[in-house]
Amino acid sequence: MIASALALLLMQVGPNPAQGAFPGIPEELRDRPVRDQAATPPSASATSGGKLAECVTLATDDAEAASDMAQLWRESAANQLELAQSAHCLGLSLVRLDDFEGAQRAFDLATDEVPPGAPAYQARLAAMSGNAAMAQGKPAIAEIAFARAIRFASSSGDMPLLASVAVDRARALVALGRNEEAVAALSDARNSDPTHARAWLLSATLSRRLERLGEAREQIAQAATLSPQDPAVGLEAGVIAALSGREEEARRSFQSVLDVAPQSEEAARAHSYLEQLAE
């Protein structure tokens, strides 16, 4: 009974490193144009920072208008920082318009235009470029952008930012089939920020796919400690338990997903796996 169920679980669940299917585009490139902390670099003036915030908000409601605003802003930019911010906003506008190639170019331009002294801002922009490349299915280009972002983040000393960028780079490396380098990148992410729950989750997923179940169990346990209500963590914990021959533990993990997020995609999958284990 359990052997056939495990075979189905192995085939169906989780990101497959061989296919490069780590969970996809971060919020900057999907539902929201930018996180608050990424919108305005620490060195930005109140005026330019307010203009960027205005453009970001406009991009959410009317991407074409925000694109026009960004182009006009570039023509009247008062300094190098405003040039970078206008390209930043242009990139976000193009993301909203599903022009990921144009967005990538805009984010690259913005990264190069940031004046000295704001490496964290450069790291975020370079990471946005990498994610735009990933959205085009170009992991090789993305990996170069993420490696660049890591250099900027390292220079900034912002360890949580460094961890997030390292996770992004791991996604690109998995898509390229460079799994051992992805393992190392995720290790760097965990070392940079031990509280980064997603780094632990993706580490567990990759370890499981590489059939390193002992490491996967340790990593998913840490992810569960950091993010106990995350249905993705519960789902992965259940799969790892099932593949380790711990059927009751797997059932509990899958059930926890149904309890915590009954309407989620993870819950639908957990329900399916519970049915498989019952056969």
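Cut-off values and rules
Residues numbered from 1 in each chain as written. Predicted model: local features only at pLDDT ≥ 70, side-chain atom pairs only at ≥ 80, totals over all residues. Heavy atoms only, no water. Salt bridge = Lys/Arg side-chain N within 4 Å of Asp/Glu carboxyl O. Helix = DSSP H or I, 4+ residues; strand = E, 2+ residues; numbered from the N terminus. Buried < 20%, exposed > 50% of the residue type's maximum accessible area, 1.4 Å probe, protein only. Expected span 1.5 Å × (residues − 1). pLDDT = per-residue confidence, 0-100. Contact = heavy atoms within 4.5 Å. Patch = residues over 30% accessible without salt bridge, like charges linked within 9 Å, V, L, I, M, F, W, Y side chains within 5 Å. Areas by Shrake-Rupley, 256 points an atom, 1.4 Å probe, with all protein chains shown as cover. Lys, Arg positive; Asp, Glu negative; His and termini not counted. Charge placed at Lys NZ, Arg CZ, Asp CG, Glu CD. Disulfide = S-S within 2.5 Å. Phe/Tyr/Trp six-rings, centres within 6.5 Å; stacked < 30°, edge-to-face > 60°. Lys NZ or Arg CZ within 6 Å of the ring centre and 35° of its normal. Axes fitted to C-alpha atoms, helices over the stretch in contact; angles between N-to-C directions. Parallel < 35°, antiparallel > 145°, perpendicular 65-115°, else oblique. Left-handed = near helix turned anticlockwise from the far one by under 90°. Core = buried A, V, L, I, M, F, W, Y, C linked by side-chain atoms within 4.5 Å.

Attention now goes to the pattern of salt bridges. Under the defined criterion, the tally for this structure stands at 12 salt bridges. A salt bridge links E101 to R105; its shortest N-O distance comes to 3.5 Å. Of this pair, E101 and R105 both sit in helix α6 (residues 100-113), 4 residues apart, roughly one helical turn. Taking the relative accessible area as the measure of exposure, E101 reaches 43% and is therefore partly exposed. Across the pair D112 and R148 runs a salt bridge whose closest N-O atoms are separated by 2.3 Å. Taken together, the residues span a long stretch of sequence, with D112 in helix α6 and R148 in helix α8 (residues 139-156) at a distance of 36 residues.

Glancing now at helix α11 (residues 197-209). The end-to-end C-alpha separation of α11 is 19 Å, in line with the 18 Å expected for 13 residues at 1.5 Å each. Of all 13 residues in α11, 12 are buried; the element is thus mostly enclosed. When α11 is considered as a whole, its buried residues turn out to be A197, A199, W200, L201, L202, S203, A204, T205, L206, S207, R208 and R209. Phi for E211, located one or two positions after α11, is positive at around 60°.

Confidence in the prediction of the protein chain, expressed as mean pLDDT, is 85, and 82% of residues score 70 or more. The model gives residues 1-46 a pLDDT under 50, and that stretch makes 109 contacts with residues more than four places away or in other chains.

On to a negative patch on the surface. Residues D61, D62, E64 and D68 make up a contiguous surface patch of negative charge. Considering the arrangement of structural elements, one finds D61 in helix α3 (residues 46-61).

Here the focus is the state of the cysteines. One pass over the structure, following the stated rule, counts 1 disulfide. Between the sulfur atoms of C55 and its disulfide mate C89 the distance is 1.8 Å. Where C55 bonds to C89 through sulfur, the torsion about that S-S bond is close to -90°, and the disulfide is left-handed. Of this pair, C55 sits in helix α3 while C89 sits in helix α5 (residues 80-96), placing them 34 residues apart in sequence. Overall, C55 belongs to the buried group, its relative accessible area being 0%.

Attention now goes to the packing of aromatic side chains. Inspection of the entire model under this criterion finds 1 aromatic pair. Ring plane angle 50° and centroid distance 5.5 Å describe the contact between F254 and Y273, whose orientation is recorded as tilted. Pair noted here: F254 is in helix α14 (residues 247-260) and Y273 is in helix α15 (residues 265-278), with a separation of 19 residues, a long-range link. For the residue pair F254 and Y273, the accessibility class agrees, reading buried in each case. A cation over an aromatic ring shows up here: R190 above the ring of W200, its NZ or CZ 5.0 Å from the ring centre.

Attention shifts here to the packing of α6 against α8. Between α6 and α8, the shortest axis-to-axis distance is 13 Å and the interhelical angle comes to 25°. Here α6 lies roughly parallel to α8, going by the angle between them. Remark: the crossing between α6 and α8 carries left-handed chirality. Contacts between α6 and α8 involve Q104, D108, T111 and D112 from the former and I141, R148 and F152 from the latter.

Within the secondary structure, S227 sits in the loop between α12 (213-226) and α13 (231-243). Sequence separation between S227 and W200 is 27 residues, and the spatial gap between their C-alpha atoms is 10.0 Å. Sequence-distant contacts of S227, that is, excluding residues within four places in its chain, are made with A197 and V233.

Judged by nonpolar contacts, the single largest core of 27 residues is most densely connected at L52, C55, A103, F107, V114, Y121 and L125. For this core, the secondary-structure elements that each account for two or more residues are α3, α4 (63-76), α5, α6 and α7 (119-135). Among the elements that take part in this core, α5 stands out by supplying 8 residues, more than any other. When near neighbours in sequence (up to four residues on either side) are disregarded, V114 contacts A84, Y121, Q122 and L125. Listed in part, the 15 residues of the second largest apolar core include A126, F146, A149 and L162.

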